[in-house]
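Next come the chains, spelled out residue by residue.
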Amino acid sequence: MKADRKRLKAEKADLVNQMQQLYATLESREEQLRDFIRNYEQHRKESEDAVKALAKEKDLLEREKWDLRRQTKEATEHTGVLRSQLDLKENRIKELEAELAMISNCVNQRMEFRVFDRHADRDSSPRVTA
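All of these numbers come straight from a predicted model, not from anything done at the bench.

**Digging into the overall build of the protein**
Here comes step 1: The helix and strand tally for the protein stands at 1 helix and 0 strands.
Here comes step 2: Looking at the 130 residues of the protein, the share that counts as buried comes to 0%.
Here comes step 3: For the protein, the exposed area adds up to about 13000 Å²; of that, 58% sits on carbon and sulfur atoms.

**So, a nonpolar patch on the surface**
Here comes step 1: Together, Met19, Leu22, Tyr23 and Leu26 make up an exposed nonpolar region whose accessible area comes to about 440 Å².
Here comes step 2: Take Leu22: it is sitting in helix α1 (residues 2-124).

**Observations concerning the pattern of salt bridges**
Here comes step 1: According to the stated counting rule, one finds 13 salt bridges in the structure shown.
Here comes step 2: The residue Arg34 makes a salt bridge to Glu30 at a minimum N-O spacing of 2.5 Å. Taken together, the positions of Arg34 and Glu30, both in helix α1 and 4 residues apart, correspond to about one turn of that helix.
Here comes step 3: Taking the relative accessible area as the measure of exposure, Arg34 reaches 44% and is therefore partly exposed.
Here comes step 4: The residue Glu74 makes a salt bridge to Arg70 at a minimum N-O spacing of 3.2 Å. With Glu74 and Arg70 both in helix α1 and 4 residues apart, this pair spans about one turn of that helix.
Here comes step 5: With a relative accessible area of 40%, Glu74 lands in the partly exposed category.
Here comes step 6: Overlapping salt bridges bring together Asp4, Arg7 and Glu11 as one network.

**Some words on the packing of aromatic side chains**
Here comes step 1: Considering all chains together, one arrives at 0 aromatic pairs under this definition.
Here comes step 2: The side chain of Arg69 reaches across the aromatic face of Trp66, ending 4.7 Å from its centre.

Rules used in this analysis
Residues numbered from 1 in each chain as written. Predicted model: local features only at pLDDT ≥ 70, side-chain atom pairs only at ≥ 80, totals over all residues. Heavy atoms only, no water. Helix = DSSP H or I, 4+ residues; strand = E, 2+ residues; numbered from the N terminus. Buried < 20%, exposed > 50% of the residue type's maximum accessible area, 1.4 Å probe, protein only. Areas by Shrake-Rupley, 256 points an atom, 1.4 Å probe, with all protein chains shown as cover. Patch = residues over 30% accessible without salt bridge, like charges linked within 9 Å, V, L, I, M, F, W, Y side chains within 5 Å. Salt bridge = Lys/Arg side-chain N within 4 Å of Asp/Glu carboxyl O. Phe/Tyr/Trp six-rings, centres within 6.5 Å; stacked < 30°, edge-to-face > 60°. Lys NZ or Arg CZ within 6 Å of the ring centre and 35° of its normal.

Structure, rendered in structure tokens:
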């Protein structure tokens, strides 16, 4: 009986030892799992933040792209308007140059006529003899 008690006591001590080892292993595994979950959550949050930052940057770039397209369209339209205005002014300049040339010709003809007329008047005017 004493031997049985010793054996049972030894088995009990062995079982208690095994239980302590199991609890230590379980606590270690639980800590590893907590660390894994914490790291996973941290990486997930970092990934979400990165995705949000990229989405904001994409939206900003998209707005800039549409602003540039709008500005390009406006600049193209403005260029067309300026081209039309320039064409009109160039045509007006040509008209004025033609008008100036006609007036200049008329003035030259009148001056020639006056010079001719003065010579004719001198030749046909009665001479006074003294």
